[in-house]
Amino acid sequence: MPLGLASPRPRSAPSPSLRPRLAAVGEQSALSVNMEEDAFLEEKAFQHYCAEFLKHSQQIGDGWEWKASKDSSDGYLCKTHFQAKATARSLPGASTEEGETWFPMEEALEVPSDDSEVPMTAAATEVVRYEYHVLYSCSHQVPVLYFRASFADGRPLALQDIWDGVHECYQARLRQGPWDTITQQEHPVLGQPFFVLHPCKTTEFMTPVLKNSQKINRNVNYIAAWLSVVGPVVGLTLPLSYAKVPSQDE
Amino acid sequence: MTDDKDVLRDVWFGRIPTCFTLYQDEITEREAEPYYLLLPRVSYLTLVTDKVKKHFQKVMRQEDISEIWFEYEGTPLKWHYPIGLLFDLLASSSALPWNIIVHFKSFPEKDLLHCPSKDAIEAHFMSCVKEADALKHKSQVINEMQKKDHKQLWMGLQNDRFDQFWAINRKLMEYPAEENGFRYIPFRIYQTTTERPFIQKLFRPVAADGQLQTLGDLLREVCPSVMAPEDGERKNQVMIHGIEPMLETPLQWLSEHLSYPDNFLHISIIPQPTD
């Protein structure tokens, strides 16, 4: 299926001209991969990758759904899941922030066998409902991850809660530019407040992934690849079997 | 052309006379007088209402005050929409001044984005500017600018400095000599009757045959119900900055002259007023 490799203007050219769109991935002979070019995702390709992604999700019971727009041909992927937040309280006066860890629901119910791993004396858990939506941005020509989160009593999480909840290994990047990374925005279809992971850098990190897959002649599902990179930043993980999702009908 | 430059100034300096009244259920220590203000059409509510906030907080106790929010005739006002857009879409057929109710309690979480600081407004504004340039120039122009240029756009808007703003913004309005316009036009079409908050699609300002596309062409393509019936009486007004541009106006010209500071054309479709 066409990856929709567009041919953008090279960044350094003073007077760029429109060049014709390149051929599809898989048509190896037609493609001369210019390392300067970015891989943009066209809307039809987005919808196709979502369909393939969805099939796999259904096979493994991963809970993703497609919501079609009533008034137009577009739509989005969506999934809801629950996470339990365990709050560790050890010594009085100790900071609780260090002890807070997010577990997917199944893990929260397991008792750790090695007590020295989890320094808890008393544990409280709060369940948070996460709703993730994958939409297509025609402006940036990339998928965008929208999400919202609320406690069991319906109270929504605030932006600061979300920032605090971002995994350790992404905190440095977040602190560099929190307002460039995760902010609250209006969902373009529902019109309601959601949090969004900014799409600005998507093309930057997706291009090498796609170019590499071309080189080794393996088709990659753009959505699975993209989500496996951005999802973990906001608590969404993909089972490894998604790596095998084909990007064209076999 | 001097005429066209005047349009830029007229758009920038557009104002809406507004009367802010405190919501009747807010708890006050003494009566709160309404507050009158001329709101800049091209700015954002939370950016220009510090005086409104101070005025009402003077008669309230600290513990009764949380995040401010605004409402018009029962509809919470989205601070992240430009003021002129909100007015045209919701209140243009009513008599002036625009009557807005001010709230300090019960923030409508499901309807409104929080506005925790001026940084949030700046982030939102810059995100729109970047999105517009992604459409116009594949982000080439905005990415080539330095951080201080981005800051200048924001400061120009925040401080109502037309020249400061346009010194940078003019670069976002340029296009290569061999083209006849931008790659795609940044626009959003709003109607209160739809569930979807706005329509935004890819649309080229120049057709395959080299003809400049018009406002009418855009509407026929992305919002055909607005134009129907073609020869009958139009049921709707198509409004930008409080005026109804002729449908024959080239979209490229509209984009260069009637965009908001975020570089988007925010177009309201409203029912014809009955008078």
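Predicted, not measured: the structure shown is a model, and the values here were computed from it.

Q: Help me understand the state of the cysteines in this model?
A: Structurally, a disulfide amounts to a covalent bond that connects the sulfur atoms of two cysteines. Residues and elements named next belong to chain A. All told, the structure shown has zero disulfides over all chains when counted by the stated rule. Here C50 is not cross-linked by a disulfide; its sulfur's nearest cysteine counterpart is in C78, at 12 Å. By relative accessible area, which is 6% here, C78 ends up buried.

Q: Just to check I follow, could you spell out the UniProt feature "domain: Autophagy protein ATG5 alpha-helical bundle region" (unreviewed entry) in chain B for this structure?
A: Residues given the UniProt feature "domain: Autophagy protein ATG5 alpha-helical bundle region" (unreviewed entry) here are residues 119-174 of chain B. Taken end to end, residues 119-174 of chain B is 84% helix and 0% strand, and its two terminal C-alpha atoms sit 28 Å from one another.

Q: Please explain the UniProt feature "domain: Autophagy protein ATG5 UblA" (unreviewed entry) in chain B as it appears in this structure.
A: Residues annotated in UniProt with the feature "domain: Autophagy protein ATG5 UblA" (unreviewed entry) correspond here to residues 11-104 of chain B. Span residues 11-104 of chain B is 23% helix and 28% strand, its end C-alpha atoms 31 Å apart.

Q: Would you take a moment to explain the packing of aromatic side chains for this structure?
A: To describe a pair of aromatic rings, one takes the distance between the centres and the angle between the planes. Following the criterion strictly, the structure yields 21 aromatic pairs over all chains and no others. Seen in terms of ring centroids, A:Y132 and A:F147 are 6.1 Å apart; in terms of plane orientation they differ by 35°. Their pairing is tilted. Here A:Y132 is found in strand 4 (residues 122-137), whereas its partner A:F147 is found in strand 5 (residues 142-151), with 15 residues between them in sequence. Judged by its relative accessible area of 1%, A:F147 falls in the buried class. An aromatic cluster of at least three residues, connected via ring pairs, comprises B:W12, B:F13, B:F162, B:F165 and B:W166. The ring of B:F182 has B:K136 lying over it, and the distance from NZ or CZ to the ring centre is 4.6 Å. The residue whose ring lies beneath B:R188 is B:F198, and the NZ or CZ to ring-centre distance is 4.3 Å.

Q: How should the environment of A:F82 be read in this particular structure?
A: Among the structural elements, A:F82 can be located in strand 2 (residues 75-89). Along the chain, A:F82 and A:P188 lie 106 residues apart, while their C-alpha atoms are 24 Å from each other.

Q: Quick question: what am I supposed to make of the sheet that holds strand 3 (residues 69-72) of chain B here?
A: The strands that make up a sheet pair up through hydrogen bonds in the backbone, lying either parallel or antiparallel. Residue and element names in this part refer to chain B. Strand order in the open sheet made by the five strands is 2-1-5-3-4, with mixed pairing throughout. Of all the strands in the sheet, just strand 2 (35-40) and strand 4 (75-76) have a single pairing partner and so form its edges. Sheet topology places strand 3 next to strand 4; two bridges connect them, and they run antiparallel. Looking across to strand 4, one finds that Y72 is bridged to T75.

Q: Would you take a moment to explain unusual backbone geometry for this structure?
A: Among all residues except glycine, the phi angle is most often negative; among peptide bonds, the trans geometry is most common. Residue and element names in this part refer to chain B. Here the bond from L96 into P97 is cis, since omega is 0°, no more than 30 degrees from zero. Of note, P97 is situated in the loop between helix 4 (83-90) and strand 5 (98-103). The phi dihedral of S139 falls on the positive side, at around 65°, and the residue is not glycine. With respect to the helices and strands, the residue S139 is situated in the loop between helix 5 (118-137) and helix 6 (140-144). Taking the relative accessible area as the measure of exposure, S139 reaches 15% and is therefore buried. One non-glycine residue, N263, lies in the positive phi region at around 75°. Relative to the elements of secondary structure, N263 occurs in the loop between helix 11 (251-257) and strand 8 (265-271).

Q: Looking at this structure, I do not really get the domain arrangement of chain B. What am I missing?
A: Often, the extent of an interface is quoted as the loss of accessible area upon association of its parts. Residue and element names in this part refer to chain B. In terms of domains, chain B is made up of domain 1 (15-103), domain 2 (118-173) and domain 3 (187-268). A C-alpha centroid distance of 23 Å is found between domain 2 and domain 3. Across the boundary between the two partners, domain 2 contributes 13 residues, which contact ten residues of domain 3. Both sides of the domain 2 and domain 3 interface together cover about 950 Å² of buried area, and 61% of this is carbon and sulfur. Connecting domain 2 to domain 3 are one salt bridge. With a shortest N-O distance of 3.2 Å, E131 and R188 are connected by a salt bridge. Put simply, domain 2 and domain 3 have four residue pairs in polar contact (both at pLDDT 80 or more) between them. Every element with two or more residues in the side of domain 2 that touches domain 3 is listed here: helix 5 and helix 8 (162-172). Looking at the side of domain 2 that touches domain 3, the element that brings in the most residues is helix 5, giving seven residues. Grouping the amino acids of the side of domain 2 that touches domain 3 by side-chain chemistry returns ten nonpolar, one polar and two charged.

Scoring rules and cut-offs
Residues numbered from 1 in each chain as written. Chains lettered and ligands numbered in written order. Predicted model: local features only at pLDDT ≥ 70, side-chain atom pairs only at ≥ 80, totals over all residues. Heavy atoms only, no water. Disulfide = S-S within 2.5 Å. Buried < 20%, exposed > 50% of the residue type's maximum accessible area, 1.4 Å probe, protein only. UniProt positions renumbered as here; feature names shortened; annotations may be inferred. Helix = DSSP H or I, 4+ residues; strand = E, 2+ residues; numbered from the N terminus. Phe/Tyr/Trp six-rings, centres within 6.5 Å; stacked < 30°, edge-to-face > 60°. Lys NZ or Arg CZ within 6 Å of the ring centre and 35° of its normal. Pairing = 2+ DSSP bridges. Domains from an automatic or database assignment. Contact = heavy atoms within 4.5 Å. Buried area = accessible area lost by both parts, 1.4 Å probe. Salt bridge = Lys/Arg side-chain N within 4 Å of Asp/Glu carboxyl O. Polar contact = N/O pair within 3.5 Å; in protein donor to acceptor, adjacent residues only side chain to side chain. Nonpolar A, V, L, I, M, F, W, Y, C, P; charged D, E, K, R; others polar.

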